[in-house]
2 protein chains.
Amino acid sequence: MATYAAPVRDLRFVLHEMLDVSNAFSELEGLEAVSDDLLDAILEEAGKLCENVLFPLYQKGDEAGCTLAHAQVTSPPGFADAYKALTEGGWTALSCAPEYGGQGLPETVKFAVEEMICSANMALSLYPGLTHGAYRALTGYASAAIKDFYLPKMVSGEWSGTMCLTESHCGTDLGLMRTRAEPQDDGSFLISGTKIFITGGEQDFTDNIIHLVLAKIPGGPPGIRGVSLFLVPKFLPDADGDPGARNPVFCGALEKKMGIKGASTCVMNFEGARGWLVGEQNKGMRAMFSMMNHERLWVGMQGLSLGVTAYQSAAEYAKERVQGRSPSGPVNAQGSADPIIVHPDVRRMLMTTRAYMEGGRALYLWVASQLDRAAHHPDPQVRAAGDKRVALLTPVVKAFLSDVGTESAIACQQVFGGHGYIREWGMEQIVRDARITQIYEGTNGVQAMDLVGRKLPMEGGAVMRDYLDELRAAADSHAGTAAMVEFIAPFRSALARLEEAFDWLMERAATDPSAPGASATEFLRLMGLTGLAHMWVAAAATALEKMEGDNTGFYAAKLTTARFFMQRLLPQGMALLASIRAGSESLMALEAEAF
Amino acid sequence: MATYAAPVRDLRFVLHEMLDVSNAFSELEGLEAVSDDLLDAILEEAGKLCENVLFPLYQKGDEAGCTLAHAQVTSPPGFADAYKALTEGGWTALSCAPEYGGQGLPETVKFAVEEMICSANMALSLYPGLTHGAYRALTGYASAAIKDFYLPKMVSGEWSGTMCLTESHCGTDLGLMRTRAEPQDDGSFLISGTKIFITGGEQDFTDNIIHLVLAKIPGGPPGIRGVSLFLVPKFLPDADGDPGARNPVFCGALEKKMGIKGASTCVMNFEGARGWLVGEQNKGMRAMFSMMNHERLWVGMQGLSLGVTAYQSAAEYAKERVQGRSPSGPVNAQGSADPIIVHPDVRRMLMTTRAYMEGGRALYLWVASQLDRAAHHPDPQVRAAGDKRVALLTPVVKAFLSDVGTESAIACQQVFGGHGYIREWGMEQIVRDARITQIYEGTNGVQAMDLVGRKLPMEGGAVMRDYLDELRAAADSHAGTAAMVEFIAPFRSALARLEEAFDWLMERAATDPSAPGASATEFLRLMGLTGLAHMWVAAAATALEKMEGDNTGFYAAKLTTARFFMQRLLPQGMALLASIRAGSESLMALEAEAF
């Protein structure tokens with residue numbers, strides 16, 4: 001069976017010991033009071049909720065799925081109560097603004113808590129997760145009237161939110177969309193069209209659902225430049241702010257999906273539904289992206305969160321399941337066989353997962369800490385630098401962590417042998433659920449294109465060079481420490497490969513328009529691996545400092561895992577660099593008809 | 001939607017142009033008459049059956065699944081008729097012995113046809129596939145009486161067969177099994193115990209089901225040395241050979257699985273069922289392995305076959321779906337967007353799949369041709385060499401092809417974006433189905449251990465060195481051809497890496513018992529990649545010869561794909577070698593409790 005225990009110890013290691021976040025918060029306006037003790041209390045309490053309330057519903061949600069009758073969705077048994085526990089406990093409003101009822105805590109804290117929520121029940125996490133996306137778009141772009149009216153109920157979880165972007169013929173290329181918004185005399189619009197893949201488009205948790213919808217106003221500019229964002233409530237609020245008349249927006253069907261079956265994924269029909277403009281006319285994509293970038297960090301973390309559950313489950317199984325003997329002689333001589341954790345190849349799968357998950361946790365929290373700097377630092381230059389760093393690393397966190405999260409889920413399923421393929425054991429669900437993180441909020445190929453096509457060229461490459469400088473400085477800072485050589489040497493090699501790939505790509509892009517796309521996926525992975533190496537260097541340095549006198553084995557395990565990462569996973573970069581330098585020729589040579 | 005067209009042209013390229021099989025058959029006893037024309041007729045006819053009868057049931061079989069009531073299984077609608085079409089057409093008896101009603105054709109031909117059957121409907125293919133496994137074990141080890149009595153009906157498909165190995169607490173380590181066989185005075189045995197994961201343990205296609213069951217005779221040697229093989233029919237045949245009394249062996253449950261839902265995967269309860277010994281007492285594993293090695297080649301090919309269907313489906317989609325614009329300017333300027341095949345990253349996924357699938361097809365057919373040499377060559381030394389080559393490469397074909405098949409299925413699902421995650425489109429089924437090929441018939445980790453622990457050390461490493469010699473000779477044979485340099489140079493580098501890894505591993509294994517297991521998976525992949533490079537060298541050489549005057553683009557596409565493989569996939573070996581040479585230390589350092 002799948003098992004889950006909140007990784008509070010490791011989260012504390014990253015937050016306090018590696019990143020020293022409360023010290024960082026002390027410099028950030030409005031976050032000065034966020035202490036270690038407060039953080040720990042939040043992690044402990046959130047962890048308990050995830051273990052005791054959310055995780056027990058994880059497998060049941062997959063088995064029951066969502067059902068639709070008369071445009072009403074029924075969510076899996078227990079989901080509505082769990083949603084209530086999440087929202088009433090304030091767990092979905094940690095980083096929301098106090099003026100709308102949020103707790104004004106750092107994004108770093110929110111992300112740490114979200115990891116546990118997603119590990120425990122990803123399908124359930126999506127309902128408040130999408131509300132949070134809508135919250136972000138509204139805070140950034142809506143009028144004060146809309147914000148004051150809608151946000152308190154969305155922050156409390158009383159009302160939920162959705163993001164309605166995709167249509168059946170367009171996802172990545174939203175300029176092709178057909179949904180229309182007809183302006184009315186009272187300043188509102190009537191929205192008509194069909195959106196697909198709408199998470200939480202209908203559900204049975206909340207009194208109202210606030211849809212944020214991309215649509216085109218007739219007569220506007222063609223393509224993406226004519227897209228605007230609208231707020232479309234399921235029920236039009238009356239003067240008291242209570243749900244009033246039913247707006248004609250209906251769930252026409254539920255998609256049958258590979259996984260995340262506890263989440264309702266709806267086809268939504270807008271049949272002249274009343275909506276109001278959010279932000280400027282024809283500037284809908286800007287508002288959407290402000291939300292989407294945050295969601296992309298969240299999705300990368302989701303992929304990782306499923307790898308974490310998979311790891312814990314596989315580690316437990318490997319310690320219990322007996323089969324065969326250790327290659328170096330029986331460890332359970334009185335038993336009929338040894339636990340399979342004695343087998344090097346089983347350990348390979350577990351250590352690989354562990355190295356990706358612990359390193360990835362540090363990476364997403366480090367990026368989240370840049371979000372806090374970008375939002376709260378008194379110095380505008382520091383804020384701007386934080387913003388750019390987040391922009392650069394968002395596609396890497398999204399794609400790399402969802403890739404290694406899914407790969408890890410598959411590896412951990414493999415530890416179970418044939419039982420891993422059987423639903424009862426829970427591992428195949430984790431794989432099916434993880435798979436979506438590589439696809440939604442922009443496929444990982446789209447992320448890679450965003451990285452090489454938009455992010456690397458930012459400021460003529462200066463944003464990337466700043467990042468490379470920081471990585472180099474991190475390596476240099478340990479130059480005098482003999483015990484760090486085994487980590488720094490491979491890190492420097494990885495860094496040199498990344499720099500070479502970057503220079504090659506920038507140069508080649510000038511003459512070959514296909515070059516960035518041809519190397520995009522490999523470049524993103526190279527950058528993700530190097531980013532993880534950076535984190536593992538920091539983790540190893542911290543562990544070396546704290547090791548003396550520790551008898552829990554925690555720091556020793558960190559060093560072993562860092563070593564494993566450097567020796568066995570980081571060398572992937574050699575192959576990636578070779579593949580990048582092969583260029584676009586063999587990729588673009590075939591005529592389309594030859595495929 | 002998923003689409004499938006039998007790849008007859010490419011099968012012919014491998015069989016006739018690369019391997020020149022009919023010429024090879026002319027030297028093999030009993031296969032002299034197998035001509036190119038006969039082969040082509042078989043491929044064409046089998047291809048039509050796969051396209052028109054099997055593939056239309058593929059998705060329906062997944063949706064309907066199998067159901068169990070009163071120990072009776074109902075298979076998906078249409079499956080029984082399709083099974084009849086397969087068996088009555090003789091498609092499941094191609095390589096069976098004429099004395100039992102088979103067609104006595106080469107294994108090479110059987111495997112080529114099986115690829116199409118599995119591509120078209122893997123779940124359905126498993127029923128006759130397991131019968132064939134049972135056929136092989138019986139031909140090799142059963143008494144003449146059993147063979148004469150049972151084999152004709154199994155070859156005709158009138159009766160089916162199963163392989164009952166796994167119990168809930170033991171799969172890889174069969175020595176732990178608890179199923180018992182009590183000897184009776186009449187020479188038969190009464191079998192009691194529960195077996196799990198029994199494909200086709202019950203179905204509604206055939207009048208009788210012949211179970212081959214591993215069990216222990218009380219008082220025998222402990223562990224694996226006390227395991228015997230028994231034949232246990234569902235209905236005890238009467239004197240006329242017709243199904244008579246019901247033998248107490250019942251399907252207790254159907255497993256709920258991630259995929260291959262059209263195949264019944266049964267828990268089988270043997271309640272004192274009557275059985276007969278197959279082969280010698282306590283030598284059951286030997287008979288089982290004779291069957292299992294063949295099944296392992298078949299499973300590797302299965303993984304590949306699903307990658308083939310995934311590729312065709314994704315290529316069609318990529319040519320039709322419009323989204324965004326080509327980086328080098330619109331190719332569909334009058335339309336609203338370009339087909340996504342213009343995007344380099346989409347091509348990366350398709351070319352990767354294509355390079356693995358076409359190279360993998362050549363590899364499994366080359367190994368199958370060694371099976372034919374091993375069985376039919378007049379010279380016993382050639383037969384023995386063929387046997388050893390097959391033994392060496394069986395774990396590579398099984399694990400490497402199922403790995404790249406599943407990776408390819410995932411990549412092709414990714415081409416579909418969000419639609420890839422929706423059941424209706426069929427891609428997520430292919431991924432779920434492909435996943436089992438990495439698990440059953442020995443997980444891919446078990447294959448890797450078999451390779452490094454048993455196969456590499458055969459004859460002190462001589463079998464592996466013979467293979468390396470053949471690879472080197474293949475490289476040398478093109479030394480004078482300028483147009484081959486771009487293929488030979490990377491192939492030589494790969495070969496050097498494989499040789500270095502082999503020497504390192506053999507040396508290290510002498511002092512570190514964990515070393516083989518620690519590098520097993522990476523070594524197997526390195527060997528698979530190098531084996532594919534060998535095939536791509538041969539394919540490129542053939543294409544260069546035939547290219548002149550060809551206006552179909554077939555040979556030009558072969559060269560492009562060979563180039564892509566060499567430039568972008570083969571470099572993985574650099575990382576694998578580094579990982580192998582890292583040894584077992586960081587893998588084995590952690591105490592079990594630290595996981």
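Nothing here was measured: the structure is a model prediction, and the numbers come from that model.

1. Describing the overall build of chain A
- Along its length, chain A carries 18 helices and 11 strands.
- Here chain A has a C-alpha radius of gyration of 24 Å; the compact-globule value for 595 residues is 25 Å, and the two agree.
- For chain A, the spread of C-alpha atoms along the three principal axes comes to 80 × 60 × 60 Å.
- When each of the 595 residues of chain A is scored for burial, the buried share is 64%.

2. Some points on the environment of Ile439(B)
- Here Ile439(B) shows up in the loop between α11 (427-435) and α12 (444-455).
- Of the residues examined, Ile439(B) reaches a relative accessible area of 4% and is grouped as buried.
- Contacts of Ile439(B), omitting those with residues within four sequence positions, involve Gln414(A), Gly417(A), Gly418(A), Tyr421(A) and Lys398(B).

3. Some words on the side chain of Thr87(A)
All names here are of chain A.
- In this fold, threonine 87 is placed in helix α5 (residues 79-88).
- At a separation of 3.3 Å, a polar atom in the side chain of threonine 87 contacts the main-chain carbonyl oxygen of lysine 84.
- Residues within four places of threonine 87 in sequence aside, it is in contact with Thr92, Ser156 and Gly157.

4. What about the packing of helix α3 (residues 36-54) of chain A against α5(A)?
Residues and elements named next belong to chain A.
- One can describe the packing of α3 onto α5 by two numbers: an axis separation of 11 Å at closest approach and a directional angle of 170°. On the basis of their axis angle, the class for α3 and α5 is roughly antiparallel. Of the residues in α5, those touching α3 at Leu49, Val53 and Leu54 are Ala82, Ala85 and Leu86.
- Across the contact of α3 with α5, the residue classes tally to 6 nonpolar, no polar and no charged.

5. Quick look at the packing of α5(A) against helix α6 (residues 107-141) of chain A
Residue and element names in this part refer to chain A.
- α6 packs onto α5 with a crossing angle of 95° between their chain directions and a minimal axis gap of 11 Å. Taken together, the axis directions place α5 and α6 in an arrangement best described as roughly perpendicular. Together, Phe79, Ala82, Tyr83 and Leu86 of α5 and Ile117, Asn121, Ala123, Leu124, Tyr127 and Pro128 of α6 make up the contact between the two elements.

6. Some points on the interface of chain A and chain B
- Listed as interface residues are 86 residues of chain A and, on the opposing side, 86 residues of chain B.
- When chain A packs against chain B, the two sides together hide about 7500 Å² of surface, and 61% of this comes from carbon and sulfur.
- For chain A, the biggest contributors to the area lost against chain B are Tyr421(A), Arg568(A) and Phe595(A); these three give 13% of the whole.
- Our enumeration of links across chain A and chain B arrives at 2 salt bridges.
- The salt bridge partner of Glu522(A) is Arg568(B), with a shortest N-O separation of 3.0 Å.
- Between chain A and chain B we count 50 residue pairs in polar contact (both at pLDDT 80 or more) in total.
- Considered class by class, the residues forming the side of chain A that touches chain B number 38 nonpolar, 27 polar and 21 charged.

7. Notes on the relation of the copies chain A and chain B
- Mapping chain A onto chain B calls for a rotation angle of 180° and an axial translation of 0.0 Å; the resulting RMSD is 0.0 Å. Here the transformation between the copies is reduced to the relation of a two-fold axis.
- Most of the interface of chain A is mirrored in chain B: 100% of its interface residues are interface residues there too.

8. A word on the pairing of strand β4 (residues 180-183) of chain B
Residues and elements named next belong to chain B.
- As paired strands, β4 and strand β5 (residues 189-199) are joined by 4 bridges and run antiparallel to one another. By the bridge assignment for β5, proline 183 is matched with phenylalanine 189.
- Connecting the antiparallel pair β4 and β5 is a turn made up of 5 residues, with glycine 187 showing a positive phi of about 90°.

9. Description of the pattern of salt bridges
- For the structure on display, the rule yields 70 salt bridges over all chains.
- Note that Glu358(B) and Lys558(B) form a salt bridge whose closest N and O atoms lie 2.8 Å from each other. Placement of the pair is Glu358(B) in helix α9 (residues 344-376) and Lys558(B) in helix α16 (residues 554-569), with a sequence separation of 200 residues.
- Judged by relative accessible area, which is 15%, Glu358(B) ranks as buried.
- Here the residues in one salt-bridge network are Asp10(A), Glu115(A), Arg354(A), Glu358(A), Arg361(A) and Lys558(A), joined through shared partners.

10. Looking at the confidence of the model for chain A
- Per-residue pLDDT for chain A has a mean of 97; in total, 100% of the residues score no lower than 70.
- Across the interfaces of the predicted complex, the ipTM metric reaches 0.97, alongside a pTM of 0.98.

11. Quick look at the packing of aromatic side chains
- Summed over the entire model, instances satisfying the criterion amount to 32 aromatic pairs over all chains.
- An angle of 65° between the planes, with centres 4.6 Å apart, marks the rings of Tyr127(A) and Phe205(A) as edge-to-face. Of the two residues, Tyr127(A) is situated in helix α6 and Phe205(A) in the loop between β5 (189-199) and β6 (208-216); the sequence distance between them amounts to 78 residues.
- Accessibility expressed as a relative area gives 3% for Tyr127(A), which makes it buried.
- Its relative accessible area of 16% is what places Phe205(A) among the buried residues.
- Ring geometry for Tyr317(B) against Trp425(B): centres 5.6 Å apart, planes inclined by 85°, an arrangement best described as edge-to-face. In this pair, Tyr317(B) sits in helix α8 (residues 284-320) while Trp425(B) sits in the loop between α10 (380-415) and α11, placing the two residues 108 residues apart along the sequence.
- Positioned above the aromatic ring of Phe554(B), the side-chain terminus of Arg9(B) is 3.9 Å from the ring centre.

12. Focus: the environment of Tyr141(B)
All names here are of chain B.
- Counting through the fold element by element, tyrosine 141 comes out in helix α6 (residues 107-141).
- The class of tyrosine 141 is partly exposed, set by a relative accessible area of 27%.
- On a C-alpha basis, the gap between tyrosine 141 and valine 278 in space is 6.1 Å, while along the polypeptide they are 137 residues apart.
- Apart from the residues lying within four places of it in its own chain, the contact partners of tyrosine 141 are Val278, Gly279, Arg286, Ala287 and Ser290.

13. Observations regarding α6(B)
Residue and element names in this part refer to chain B.
- Across its 35 residues, α6 extends only 19 Å between first and last C-alpha, which sits more than 12% below the 51 Å expected from 1.5 Å per residue.
- Taking the largest bend as the criterion, α6 deviates by roughly 125°, centred on asparagine 121.
- Summarising burial for α6: 31 of the 35 residues are buried, a large majority.

14. Some points on α8(B)
- Relative to the 54 Å expected for 37 residues at 1.5 Å per residue, α8(B) spans 54 Å between its end C-alpha atoms, a close match to the ideal helical length.
- With 30 of 37 residues buried, α8(B) is to be regarded as a mostly interior element.

15. Re the pairing of strand β9 (residues 243-246) of chain A
- By the bridge criterion, 2 bridges tie strand β8 (residues 235-237) of chain A to β9(A) in an arrangement that is antiparallel. Each residue of the ladder has a partner; that of Phe235(A), found in β9(A), is Arg246(A).

16. Observations concerning the state of the cysteines
- For the structure on display, the rule yields 0 disulfides over all chains.
- For Cys266(A), which is in no disulfide, the shortest distance to another cysteine sulfur is to Cys251(A) and amounts to 3.7 Å.
- Classification of Cys266(A) by relative accessible area gives buried; the value is 0%.
- Free cysteine: Cys170(B), not disulfide-bonded; nearest cysteine sulfur from Cys164(B) at 13 Å.

17. Let's talk about the environment of Val155(A)
- Mapped onto the fold, Val155(A) is located in helix α7 (residues 144-156).
- In contact with Val155(A), not counting residues within four places along its chain, are Thr92(A), Ala93(A), Cys96(A), Tyr100(A), Gly101(A), Gly102(A) and Tyr135(A).

Cut-offs applied
Residues numbered from 1 in each chain as written. Chains lettered and ligands numbered in written order. Predicted model: local features only at pLDDT ≥ 70, side-chain atom pairs only at ≥ 80, totals over all residues. Heavy atoms only, no water. Helix = DSSP H or I, 4+ residues; strand = E, 2+ residues; numbered from the N terminus. Rg over C-alpha atoms; globule rule 2.2 N^0.38 Å. Buried < 20%, exposed > 50% of the residue type's maximum accessible area, 1.4 Å probe, protein only. Contact = heavy atoms within 4.5 Å. Polar contact = N/O pair within 3.5 Å; in protein donor to acceptor, adjacent residues only side chain to side chain. Axes fitted to C-alpha atoms, helices over the stretch in contact; angles between N-to-C directions. Parallel < 35°, antiparallel > 145°, perpendicular 65-115°, else oblique. Nonpolar A, V, L, I, M, F, W, Y, C, P; charged D, E, K, R; others polar. Buried area = accessible area lost by both parts, 1.4 Å probe. Salt bridge = Lys/Arg side-chain N within 4 Å of Asp/Glu carboxyl O. Least-squares fit on C-alpha atoms with pLDDT ≥ 70 in both. Pairing = 2+ DSSP bridges. pLDDT = per-residue confidence, 0-100. Phe/Tyr/Trp six-rings, centres within 6.5 Å; stacked < 30°, edge-to-face > 60°. Lys NZ or Arg CZ within 6 Å of the ring centre and 35° of its normal. Expected span 1.5 Å × (residues − 1). Bend = angle between axes of the 7 residues up to and from the residue. Disulfide = S-S within 2.5 Å.

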